[in-house]
Amino acid sequence: MRTIAPFRSLLLLAFGLPAFAQETAPAALPRTAAPDGAIVYFLSPANGATVTSPFTIRFGLRGMGVAPAGVTNANTGHHHLLIDVDTLPPDNLPIPNDATHRHFGLGQTETELTLPPGQHTLQLVLGDALHIPHQPPVRSEKITITVTQ
Ligand SMILES: [Cu+2]
């Protein structure tokens, strides 16, 4: 009997907690706080610029520091570049990792990109150690560039 009582409370925990979590924030993961006034922006190219591939994109960040993915130091994050993304990914989940959502988890602050000729949009989002946008999200404006041959 001595071992059954603790087991019962474990069961209570196991079944009680998910119900509680569901009421407060369904499917939400904890967000990392961003300081007031933190901004991420494009150092280059400028909004409206015309470029030829390959071209360099430089990421700017003010009010926070860049840290590799996995590092949980306060007020840090790593860059994510959204290419031709119309619908922003959810703020409470890790940013997708695919051809249009690029992660710079080593702490890179620039990248070289090759895009097909035409108009493209670029946007930066800072992510925390687990690739989740901060609270509030630190996002750049979406810029439009034209790539020529
Ligand atoms: Cu990431």
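Draft legend 1. Looking closely at the pattern of salt bridges. A full pass over the atoms with the stated rule returns two salt bridges. The shortest N-O distance in the salt bridge between Glu-110 and Arg-58 comes to 3.3 Å. With Glu-110 in strand E7 (residues 110-113) and Arg-58 in strand E3 (residues 55-62), this residue pair connects regions lying 52 residues apart in the sequence. Assessed through its relative accessible area of 36%, Arg-58 is described here as partly exposed. Here Asp-91 makes a salt bridge to Arg-139, at a shortest N to O gap of 2.9 Å. Remark: Arg-139 occurs in the loop between strand E8 (118-127) and strand E9 (143-148) and Asp-91 occurs in the loop between strand E5 (76-83) and strand E6 (101-103); sequence separation between them is 48 residues.

Draft legend 2. Highlighting the coordination of the copper ion. Distances from the copper ion to its protein donors, His-78 (NE2), His-80 (NE2), His-103 (ND1) and His-131 (ND1), fall within 2.1 Å. Given four donor atoms and angles of 92 to 154° at the metal, the environment of the copper ion is assigned as irregular.

Draft legend 3. Just the nonpolar core, in detail. Judged by nonpolar contacts, the single largest core of 23 residues is most densely connected at Phe-55, Ile-57, Leu-81, Leu-113 and Leu-122. Elements represented by at least two residues in this core include exactly strand E1 (39-44), E3, E5, E8 and E9. What Leu-113 contacts, discounting residues up to four positions off in sequence, is Ser-53, Pro-54, Phe-55, Ile-57, Leu-81, Ile-83, Arg-102 and Leu-122.

Scoring rules and cut-offs
Residues numbered from 1 in each chain as written. Predicted model: local features only at pLDDT ≥ 70, side-chain atom pairs only at ≥ 80, totals over all residues. Heavy atoms only, no water. Salt bridge = Lys/Arg side-chain N within 4 Å of Asp/Glu carboxyl O. Helix = DSSP H or I, 4+ residues; strand = E, 2+ residues; numbered from the N terminus. Buried < 20%, exposed > 50% of the residue type's maximum accessible area, 1.4 Å probe, protein only. Donors = N, O, S within 2.8 Å, 3.2 Å for Na, K, Ca; no water. Tetrahedral: all angles 85-135°; square planar, octahedral: opposite > 155°, others 65-115°. Core = buried A, V, L, I, M, F, W, Y, C linked by side-chain atoms within 4.5 Å. Contact = heavy atoms within 4.5 Å.

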